[in-house]
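As a plain string of letters, each chain reads:
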Amino acid sequence: MQPDFWHQRWNEGRIGFHQGAPTLLLVKHWLALGIAPDAKVFVPLCGKSLDMAWLASQGHRVLGVELSQLAVEQFFAEHGLTPNIHESRYGTHYRAGAIEIIHGDAFALDAKVLAECAAVFDRAALIALPPELRQRYASELYARLPTGCAGLLVTLEYPQHEKDGPPFAVQADEVQALFGTDWAITQLEHVPIPPDHPGRIDGVSQAATAAYALQRR
């Protein structure tokens with residue numbers, strides 16, 4: 001789970017976590033969260049997710065952060081965008097239109113750079129982290145998001161003892177333990193993943209995905 005692990009995955013094209021379409025749970029539930037169309041949305045550990053383009057198509061400004069420079073470059077190239085690039089203490093900023101991605105360490109982002117984020121979308125960030133990093137992720141990075149920030153969190157559930165992550169299983173009680181002090185949490189949906197589904201996790205007896213609405217207190 002060191003940075004080299006993710007760099008190697010991107011360099012070798014082993015990015016099964018990347019989806020060829022926007023996340024269905026995002027498309028289904030996002031508008032119901034009531035987030036203003038021009039709000040800035042934070043997408044942590046964003047890769048080259050098509051969810052960012054979908055959020056921008058809804059009128060949002062998007063701020064992503066990603067460890068892999070290759071992922072960032074591929075995102076803009078695959079969307080036919082030529083980003084403006086500049087450096088800051090947070091990393092290298094790539095910006096085109098409504099989308100900005102910082103190539104850098106998500107844990108290095110502070111409250112100042114996140115201050116305008118009225119929303120957060122997390123599909124492949126929390127579940128990419130082992131338990132000890134999930135705790136740090138919630139207590140440090142999420143804690144820097146402003147009061148009133150809304151969000152949508154998508155998790156995976158499966159018997160963790162049957163398979164090593166990533167992606168890791170994150171059950172409902174852990175979501176509550178990680179975020180319940182500072183965030184109001186509502187489970188919106190819990191969907192079993194059929195054995196023949198393209199997103200099925202190999203080597204596990206059962207799996208499900210869950211979506212949560214978050215509201216920063």
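Going along each chain's sequence as written, the residues are numbered from 1 onward. Selection of residues for local features in this predicted model requires a pLDDT of at least 70, selection of side-chain atom pairs for listing and counting requires 80 or more, and totals for whole chains, interfaces and linings are taken over all residues. As a rule here, side-chain values cover all heavy atoms of the structure and leave hydrogens and water aside.

(A) Quick look at the pairing of strand S9 (residues 208-216). Buried residues dominate S9, accounting for eight of its nine residues. A pair of strands is labelled paired if DSSP reports no fewer than 2 bridges between them. Where helices and strands are cited, they refer to DSSP runs of H or I of at least four residues and of E of at least two residues respectively, numbered from the N terminus. Pairing analysis gives eight bridges linking strand S7 (residues 150-157) to S9, with the strands arranged antiparallel. Within the sheet, the bridge partner assigned to Val-154 lies in S9 and is Ala-211. Here strand S8 (residues 183-192) pairs with S9 via nine bridges, running antiparallel. For Val-191, the partnering residue across the bridge sits in S9 and is Thr-209. The classification of residues rests on relative accessible area computed with a 1.4 Å probe and restricted to protein chains. Under 20% of the type maximum is buried, over 50% is exposed, and intermediate values are partly exposed.

(B) Spotlight on helix H7 (residues 172-179). Taken as a whole, H7 has its buried residues at Val-175, Leu-178 and Phe-179. The buried residues of H7 occupy an angular sector of 75 degrees when the element is viewed end-on, so they sit on one face. In H7, the exposed residues that point more than 90 degrees away from the buried face are Asp-173 and Ala-177. On its buried face, H7 sits against helix H6 (131-141), S7, S8 and S9. Working note: the arc is built from the helix axis to C-beta atom directions. By the convention used here, residues are in contact when the closest approach between their heavy atoms is within 4.5 Å.

(C) Local environment of the packing of aromatic side chains. A pair of Phe, Tyr and Trp rings is counted when the ring centres sit within 6.5 Å of each other, with Trp represented by its six-membered ring. The angle between the planes then sorts it: under 30 degrees is stacked, over 60 is edge-to-face, the rest tilted. The full count for this structure, using the stated rule, is six aromatic pairs. Taking the centre distance of 6.4 Å and the plane angle of 85 degrees together, the rings of Trp-30 and Phe-121 count as edge-to-face. Of the two residues, Trp-30 is situated in the loop between helix H2 (24-29) and strand S1 (40-44) and Phe-121 in strand S6 (residues 117-122); the sequence distance between them amounts to 91 residues. The exposure classification of Trp-30 matches that of Phe-121, with both residues buried. With a centroid separation of 4.8 Å and an interplanar angle of 55 degrees, the aromatic rings of Tyr-142 and Phe-179 are classed as tilted. Placement of the pair is Tyr-142 in the loop between H6 and S7 and Phe-179 in helix H7, with a sequence separation of 37 residues. Taken individually, Tyr-142 and Phe-179 each receive the classification buried, so the pair is uniform in this respect. Through a chain of ring-to-ring contacts, three or more aromatic side chains come together here, namely Tyr-137, Tyr-142, Phe-179 and Trp-183. The rule for a charge over a ring is simple: NZ of Lys or CZ of Arg within 6 Å of the ring centre, and within 35 degrees of the ring normal. The ring of Phe-107 carries the charged tip of Arg-136 above its face, separated from the ring centre by 4.1 Å.

(D) Structural context of helix H3 (residues 50-57). For H3, the complete set of buried residues consists of Asp-51, Met-52, Trp-54 and Leu-55. Angularly, the buried residues of H3 cover 160 degrees about the axis, an arc narrow enough to put them on a single face. If you follow the buried residues of H3, they end up packed against H2, S1, strand S2 (61-66), helix H4 (69-78), strand S5 (99-103) and S6. In this structure Ser-49 caps H3, since a side-chain oxygen of it lies 3.0 Å from the backbone nitrogen of Asp-51. The definition of a polar contact used here is a pair of N or O atoms within 3.5 Å, where within protein one atom must be able to donate a hydrogen and the other to accept one, and adjacent residues in sequence count solely through side-chain atom pairs.

(E) The arrangement of the pattern of salt bridges in detail. Salt bridges are identified by distance alone: a Lys or Arg side-chain nitrogen within 4 Å of an Asp or Glu carboxyl oxygen. In this structure the tally under the stated criterion is nine salt bridges. Between Arg-134 and Glu-174 there is a salt bridge, and its shortest N-O distance comes to 2.7 Å. Placement of Arg-134 in helix H6 and of Glu-174 in helix H7 is noted, with a sequence separation of 40 residues between them. Residue classification places Arg-134 among the buried positions, given a relative accessible area of 4%. Measuring nitrogen to oxygen at the nearest pair gives 3.1 Å for the salt bridge that ties Glu-140 to Arg-136. Placement of both Glu-140 and Arg-136 in helix H6 is noted, with a separation of four residues, approximately one turn of the helix. Under the relative-accessibility criterion, Glu-140 is labelled partly exposed at 26%.

(F) Highlighting the pairing of S5. A large share of S5 lies buried, amounting to four of its five residues. The sheet contact formed by S2 and S5 spans five bridges and is parallel. Across the sheet, the residue bridging to Val-62 is Ile-99, located in S5. Here strand S4 (residues 91-96) folds back onto S5 in antiparallel fashion, the turn holding two residues, of which Gly-97 has a positive phi close to 60 degrees.

(G) Representation of the sheet that holds S1 in the model. The sheet built from nine strands is open, its strands ordered S3-S4-S5-S2-S1-S6-S7-S9-S8 with mixed pairing. Both edges of this open sheet fall to strand S3 (84-88) and S8, since each of them pairs with a single strand only. Neighbour-to-neighbour, the strand axes of this sheet turn through a mean angle of 20 degrees, independent of strand direction. Bridge count between S4 and S5: five bridges; the pairing is antiparallel. Opposite Thr-92, over in S5, you have His-103 as the bridge partner. To obtain each axis, a line is fitted to C-alpha atoms, and for helices this fit is confined to the stretch in contact; angles are then taken between N-to-C directions over 0 to 180 degrees. Sheet strands touched by H4: S2, S4 and S5. Its angle to S5, the strand with the most contacts, is close to 160 degrees.

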